[in-house]
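# Descriptive analysis of the structure
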Amino acid sequence: MQKCIKYTFCARELWLMYNAAAMFEVIDIVGGTDKLDSVLLSQTPEAVDKLFDIFICLAQNGNAARKYIGYDCDELPGKEAVAALTTVDDIARMRDAVMNAIIVGAGREVNFEEDVEVDLGLEELKKKRT
């Protein structure tokens, strides 16, 4: 199942999706997964510029997935529009949304019935009782 994070940008809903394509693009943007945290947690102009790139990448992947499923999707804002319309408060919210999208996209669902630890000693006792 594909999972996205909804983000409201200038009264428009954008869906951020971290999938395989986004993973490789994000790695290219930041220069490696080991540098992702320093980009997302830094307040420098360069880091915020990369945050915008990552945000747009995730929004493009979410938009593409939604189009594929059959949703009618609007055109996404470009980097210039994102940079011009983003407030200081938006940067913090955008950073949280990007991190949440990466966490959700990188996560996996666990079916607990298949992955439950089994106490073999207890199972043996149950067999003897019946």
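Quick note: structure is the one above.
Residues numbered from 1 in each chain as written. Predicted model: local features only at pLDDT ≥ 70, side-chain atom pairs only at ≥ 80, totals over all residues. Heavy atoms only, no water.

## Things to note about the pairing of strand E1 (residues 5-9)
Burial along E1 is one-sided: the residues Ile-5, Tyr-7 and Phe-9 are buried and none of Lys-6 and Thr-8 is. Counted between consecutive antiparallel strands, the loop separating E1 from strand E2 (residues 12-16) contains two residues, among which Cys-10 sits at a positive phi close to 55°. (Buried < 20%, exposed > 50% of the residue type's maximum accessible area, 1.4 Å probe, protein only. Helix = DSSP H or I, 4+ residues; strand = E, 2+ residues; numbered from the N terminus. Pairing = 2+ DSSP bridges.)

## Focus on the pattern of salt bridges
Side-chain pairs of opposite charge can arise whenever the charged atoms involved come near each other. Under the defined criterion, the tally for this structure stands at five salt bridges. Salt-bridge contacts for Glu-13 lead to Lys-6; the nearest nitrogen and oxygen are separated by 3.5 Å. Taking the relative accessible area as the measure of exposure, Lys-6 reaches 46% and is therefore partly exposed. Residue Arg-93 is joined to Asp-90 by a salt bridge in which the shortest nitrogen-to-oxygen separation is 2.9 Å. Within this pair, Arg-93 and its partner Asp-90 are both found in helix H5 (residues 88-106), separated by three residues, close to a single helical turn. Salt bridges linked by common partners bring Asp-49, Asp-53 and Lys-79 together as one network. (Salt bridge = Lys/Arg side-chain N within 4 Å of Asp/Glu carboxyl O.)

## Digging into the environment of Val-104
Here Val-104 shows up in helix H5. On the basis of relative accessibility, which here comes to 29%, the residue Val-104 falls in the partly exposed class. Along the sequence, Val-104 and Met-17 sit 87 residues apart, while their C-alpha atoms lie 8.5 Å from each other. Excluding its chain neighbours within four sequence positions, the residues that come into contact with Val-104 are Lys-3 and Ile-5. (Contact = heavy atoms within 4.5 Å.)

## Let's talk about unusual backbone geometry
Its identity is not glycine, yet Cys-10 carries a phi of approximately 55°, on the positive side. Locating Cys-10 in the fold gives a position in the loop between E1 and E2. With relative accessibility at 45%, the residue Cys-10 sits in the partly exposed group.

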